[in-house]
Amino acid sequence: MDRRDGGMTEDEARVRLAELAEQIALLARRYYQDDDPAASDADYDALVAENAAIEARFPQLVRADSPSTLVGAPVASGFAKITHAQPMLSLENGFTAADAAEFVARVRRFLSLDDQQPLTLTAEVKIDGLSLSLRYEQHRLVSAATRGDGQIGEDVTANALTVADIPHTLPADAPAIAEVRGEIYLGWEDFTALNAAQQQAGLKPFANPRNAAAGSLRQIRASVTAGRPLRFLAHGWGEVSEPLGDSQFTVMQKLRSFGFPVSDTLHRIGTADEAMAFYQQLITLRPTLGFDIDGMVLKVDSIALQQRLGQVARAPRWALAMKFPAERALTELLAIDIQVGRTGVLTPVARLRPVTVGGVVVTNATLHNEDEIARRDVRVGDTVEVQRAGDVIPQILGWVGDTDAERAAHAARAAFLFPDYCPECGSLATREDGEVARRCTGGLVCPAQRLERLRHFVSRRALDIDGLGPERLQEFISLGWVETPADLYHLARHADALRQREGWKDKSVSNLLTAVEASRQPSFDRFLHALGIRHIGEVTARDLARSYPAWRDLEALLTQLVSHRPEAALGESPEKLAQRTNADLAQMVGVAGVGPEVAAALRDFWAEPHNRTLVHQLLAEITPTAVTTETAPSPFSGKTLVFTGTLATLSRDEAKARAERLGARVTGSVSVKTDYVVAGADAGSKLAKAQALGVRVLSEQEWQHLSGGDGEPASVN
């Protein structure tokens, strides 16, 4: 079944969103952090699109760790960190003429523009490279940072100074502070020469120019980067101390005058049809450009309109990346292997006879789960069609058989039997009702899960133990020194033996032990996130930690959740009983954003004796600290708002976006928890309910004044 066709149930949607969150996060880390992609652009984009489609149909199931809210991946441990003055956002993707038309229509709706009012856009090529932000202070380059997770990037300043296209100083008419953003990339000829040198030196060649550019810039030694012919193309900016212009086009021309390369394809257009004409032109020109592009970027030209449009969680509303269609090829399916993920999910991986697609040799593809194998009906020995848009692992579209003989041969091959055991540890692999994933029940006894669970525990967003990468964790696991996270705090016992091992010296051992000791007082939300409980991402962990400031408070709740076992009512089905029970659990938790699914996950985690043992072992080593809440400087921070009626001066979307920027939570219904109702013309039942409940009602003019629409936000007291 195609999960975007609207045929899935809510339970199926919930399970699939959990799978997608885990899978997309892993792919993002491999792509952005490791420069070692585990999926093609088309495969990754398809997963993101599937996630968005399911969330659109089931908005109540949007997860705290949803891929729709994330940008890039956390910073790798080998680099210093730089916090971006302004976030480096991703771009929403489009693929068809309908997507381009919807983007333009959506912008017009948000801005309340009718069809007669002009809307100018810019269009240019989308270079397939590594995003980079260059910061200049007093006209001198002071730092260069990769995108990272959008908030914090890697400090690659020394390496950026070796790139010929990047100016070290700006002219006198440049702002005192200017952040210029663009892409680091390699041309095709330079990429070919670099790979020839890699092979001559006995090193692994790069998969494609994008990976080569990313790997070259993210070198610990700047001298290595200096030997690589990297190039830079500017396409935007971050913080500036004074405006550079009133439009995207004029600002980019100003950056060109400062000495930055700007795309020669950048030009202004007025309609979605003009955009698609340029898009088709780029597809034709693509083989002649001399460097990789993977699409076209559309942006609203007016800076004032860009500011009004603002952004969603991970992307600006005023820009769209129109991606090119995937390239396809035929090859043979040689085998289907099973890989085990951090949470025990068994994922089938197709092994392919090597085939060149779009200039890159591909050999592997993910098949997602056993339902996907059955739906595509692929069997070992089949000829399969694969597609690729830019990286290594393609997407399998299905098996190919045009003749009676080929179809007979396919039918004669054995259908793939998905195992009911874990290939790593031999434990039972079960599939719960309503789930598409099969999971190993081995937990920490499973070698595959052990490494990934430990890797999650020490990751930057969890306990942040620097220097414990997967290779070192695997080394400690192989030595028998580490089986559970608590064992990390006993590594000092092995310090002498560790110093004798290859690759370890006094300083590296000392640094590791110092990092372990520094993690003994994490904030409580980081501790909760580090436990790896299903559905407990960073945001949910933070919400729980704010409501239950210490472990003793949460443990008392968890004990109540485990003991809550209501009996079925007369005639009540097991499914209905489970739903009612989980709803009870959510009510017992009593935290906004923690629904039945999360509450059930908390109960299931604490019901397992080995999990209780693990937590108590950790608490003997770790003392979590209470989470402090920062209040935004806004009278609406932490308040719940409802908009109703017709607003005359701004669209509903723009009003909601402004409220959220001020720290408010906007909902669609009025209740006793509502703080303010903003009532426009023809307000109906919501206004009446607010008046009945005594909720404060603001007119549109009062909202504009209090929210800063006509200046600084005023007090609402």
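Here, every reference points to the structure presented above.
The notes below deal with the structure included here. Here the structure is a predicted model, which means the values were calculated and not measured.

**Here's the deal with helix H23 (residues 652–661)**
An α-helix turns once per 3.6 residues; consequently, residues spaced three or four apart project the same way.
Next up, step 1: Turning to H23, its buried residues are Glu654, Ala655, Ala657, Arg658 and Ala659.
Next up, step 2: Those residues of H23 that are buried are in contact with helix H3 (97–111), helix H10 (303–309), strand E19 (640–644), strand E20 (665–666) and helix H25 (700–706).
Next up, step 3: By the N-cap criterion, in which a side-chain oxygen at the helix start approaches the backbone nitrogen of a residue two or three places on, H23 is capped by Ser651, the distance to Glu654 being 3.2 Å.
Next up, step 4: Taken from the residues just after H23, Gly663 is the one with a positive phi, measuring 90°.

**Some thoughts on the sheet that holds E19**
Next up, step 1: In space, the four strands of this open sheet follow the order E20-E19-E21-E22, with parallel pairing throughout. The open sheet is flanked by E20 and strand E22 (696–699), the only strands paired with a single partner.
Next up, step 2: With four bridges joining them, E19 and strand E21 (residues 676–679) adopt parallel strand pairing. Of the residues in E21, the one forming a bridge with Phe643 is Val678.
Next up, step 3: H23 contacts E19 and E20 of the sheet and is inclined by roughly 170° relative to E19.
Next up, step 4: Lying over the sheet, helix H24 (residues 685–693) contacts E19, E21 and E22, oriented at roughly 140° with respect to E19.

**Overview of the packing of aromatic side chains**
Next up, step 1: Going through the model one piece at a time under the given rule, you end up with 13 aromatic pairs.
Next up, step 2: Ring centres 6.3 Å apart and planes at 90° place the aromatic pair Phe416 and Phe418 in the edge-to-face group.
Next up, step 3: Centre to centre, the rings of Phe643 and Trp703 are 5.3 Å apart; their planes meet at 80°, and the pair counts as edge-to-face. Here Phe643 is found in strand E19, whereas its partner Trp703 is found in helix H25, with 60 residues between them in sequence.
Next up, step 4: Cluster of aromatic residues (ring-pair linked, three or more members): Phe524, Phe527, Trp551 and Trp606.
Next up, step 5: Sitting over the face of the ring of Trp504, Arg472 holds its NZ or CZ atom 4.1 Å from the ring centroid.

**Re the pattern of salt bridges**
Next up, step 1: Evaluation of the coordinates by the stated rule reveals 36 salt bridges.
Next up, step 2: In this structure, the salt-bridge partner of Glu370 is Arg438, at a minimum N-O distance of 3.0 Å. Here Arg438 lies in the loop between strand E17 (429–430) and strand E18 (439–440) and Glu370 lies in helix H11 (residues 370–376), a separation of 68 residues in the sequence. Residues Glu370 and Arg438 agree in their burial class; the two are buried.

**Comments concerning the sheet that holds strand E9 (residues 267–269)**
Two strands in a sheet stick together by hydrogen bonds in their backbones, pointing the same way (parallel) or opposite ways (antiparallel).
Next up, step 1: The sheet built from five strands is open, its strands ordered E2-E11-E10-E3-E9 with mixed pairing. The open sheet has two free edges, formed respectively by strand E2 (93–94) and E9, since each of these has just one partner strand.
Next up, step 2: Across three bridges, the pairing between strand E3 (residues 121–127) and E9 is antiparallel. Considered in E9, the bridge of Thr122 is made with Arg268.
Next up, step 3: Seen against the sheet, helix H8 (residues 248–257) touches E3, E9 and strand E10 (293–300) and runs at an angle of roughly 180° to E9.

How each quantity is defined
Residues numbered from 1 in each chain as written. Predicted model: local features only at pLDDT ≥ 70, side-chain atom pairs only at ≥ 80, totals over all residues. Heavy atoms only, no water. Buried < 20%, exposed > 50% of the residue type's maximum accessible area, 1.4 Å probe, protein only. Helix = DSSP H or I, 4+ residues; strand = E, 2+ residues; numbered from the N terminus. Contact = heavy atoms within 4.5 Å. Polar contact = N/O pair within 3.5 Å; in protein donor to acceptor, adjacent residues only side chain to side chain. Pairing = 2+ DSSP bridges. Axes fitted to C-alpha atoms, helices over the stretch in contact; angles between N-to-C directions. Phe/Tyr/Trp six-rings, centres within 6.5 Å; stacked < 30°, edge-to-face > 60°. Lys NZ or Arg CZ within 6 Å of the ring centre and 35° of its normal. Salt bridge = Lys/Arg side-chain N within 4 Å of Asp/Glu carboxyl O.

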